[in-house]
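# Commentary on secondary and tertiary structure
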Amino acid sequence: MTVPEQELFTFGRIIGLHGLRGDLRVRPTTSGSDVLCQATEVLLRDASGRVTPYQPVRSAVHKGLVLLRLKGYEAIDQASALVGYDVMMRLADLPELPDNENYWHQLQGLVVIDRQRGELGTLEDMFATPAHDIYVVRGPYGEVLIPAVPAMVVAVDLDKKRIEVDLPEGLVP
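Sequence order sets the numbering: in each chain, residues are counted from 1 along the sequence as written. Reporting of local features is limited, given that this is a predicted model, to residues whose pLDDT is at least 70; pairs of side-chain atoms are given and counted only at 80 or more, and all residues count toward the totals for whole chains, interfaces and linings. Values reported for side chains reflect all heavy atoms of the structure, with hydrogen atoms and water molecules removed beforehand.

### Some details on unusual backbone geometry
Here is the rule we go by: Labels follow the DSSP assignment, with helices taken as runs of H or I lasting at least four residues and strands as runs of E lasting at least two, numbered in each case from the N terminus. The cut-offs for exposure are 20% and 50% of the maximum accessible area for each residue type, with area from a 1.4 Å probe on protein chains only; residues under the lower value are buried, those over the upper are exposed, and the others partly exposed.
In this structure, K63 is a non-glycine residue whose phi angle is positive, near 55°. If you trace the backbone, K63 turns up in the loop between β5 (56–62) and β6 (65–70). Phi angles above zero are rare outside glycine, and K161 is one such case at about 60°. You can see K161 is positioned in the loop between β12 (153–157) and β13 (162–165). Overall, K161 belongs to the exposed group, its relative accessible area being 55%.

Written out as structure tokens, the structure reads:
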């Protein structure tokens, strides 16, 4: 199946199995995301980059992961072949978010500007911790890790392609 990459959203990665009925353990790219639980179709990308559509039979959040069972893969021996695949969705299938919330694909590549230091660089990556997400910004200060919390992330302007932050002393080298 050929779907343009710009039409897809990477939800997470299959990191293992759960139980004997083929439940896949999916680690979301961002914390707190349950959008996969509402999906009527998911796409899996294997190591070669091939993307294949699947129909979810069951999905639920469990200990920070999403357990996902797919039609036709309802036994552990069938599902084990999918470990390591990326779990994707079509951007058009993503639900609307409340105001002041954004999907990762909307933030990636935005310029990050600190109120005191000016431009810190570009938001290139993000990872989840038990407490909150962490933005990875690369630029003139090297790699800067910014907790994605309201106290530090002041404003996100998707039209201007920028994120305004107010960082405490010591966070930027």
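Okay, back to it.
### Some words on the pattern of salt bridges
Condition: Here a salt bridge means any side-chain nitrogen of Lys or Arg lying within 4 Å of a carboxyl oxygen belonging to Asp or Glu.
What the rule picks out here adds up to 11 salt bridges. Among the ionic pairs, R50 bridges to D46, the shortest N-O distance being 3.2 Å. Taking relative accessible area as the criterion, D46 reaches 13% and is therefore assigned buried. Residue E164 pairs with R115 through a salt bridge whose shortest N-O separation is 2.7 Å. Taken as a pair, E164 in strand β13 and R115 in the loop between β8 (111–114) and β9 (118–128) lie far apart in primary sequence, 49 residues in all. What makes E164 partly exposed here is its relative accessible area of 22%. A residue is classified by how much of its surface remains accessible, and R115, at 48% relative accessible area, is partly exposed. Overlapping salt bridges bring together R13, R45 and D86 as one network.

Read these as geometric descriptors, not functional statements.
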